[in-house]
Amino acid sequence: MTHLLASTQFGASHAVTVTLALSALLFVTGLVGFLVRRNMILMFLSTEIMFQAAALAFIAFGRMRMDTGGQIFVIFILTVAAAEAALALGLVVLLFRRKETLNSEAWSELHE
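About the thresholds
Residues numbered from 1 in each chain as written. Predicted model: local features only at pLDDT ≥ 70, side-chain atom pairs only at ≥ 80, totals over all residues. Heavy atoms only, no water. Helix = DSSP H or I, 4+ residues; strand = E, 2+ residues; numbered from the N terminus. Buried < 20%, exposed > 50% of the residue type's maximum accessible area, 1.4 Å probe, protein only. Contact = heavy atoms within 4.5 Å. Areas by Shrake-Rupley, 256 points an atom, 1.4 Å probe, with all protein chains shown as cover. Expected span 1.5 Å × (residues − 1).

Caption draft 1: Looking closely at the overall build of the chain. From N to C terminus, the chain includes three helices and zero strands. Beginning at the N terminus, the succession of helices and strands in the chain can be written as α-α-α. Across the 112 residues that make up the chain, the buried fraction comes to 22%. The contacts of the chain with a sequence gap of at least 6 include a subset with a gap of at least 24, amounting to 62%. Per element, the accessible surface of the chain, about 8,000 Å² overall, is 72% carbon and sulfur.

Caption draft 2: Broad picture of helix α3 (residues 69-99). Here α3 spans 44 Å end to end across 31 residues, near enough to the 45 Å set by a 1.5 Å rise per residue. The set of residues buried in α3 consists of G70, V74, I77, A81, A85, A88, V92 and L95. Considering only its buried residues, α3 is in contact with α2 (40-65). Residue E100 follows α3 closely and has a positive phi angle near 60°.

Set out below in structure tokens:
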């Protein structure tokens, strides 16, 4: 019985490790996409990938501690991300109507 319990805990620990590694890979992919791309839509999608990586990490840590707090926090993150997506896409459409380009370099004068 203890052997079965130990193998189950090792399997759960291994699954959490794999999930955290996938989360880190997703976050790095999103970060590189945000830093390399100049298209505002692609930069926005890269930030969404980073959001999803953070959500996956919260779920993994919640699973590791056998706590539902991580899953509840992910629901909160998804709600905020949905509101942020609606606002960001509206802003991108507004900017596109003004200059007919999605290149972020075209809006570099905004930082001054």
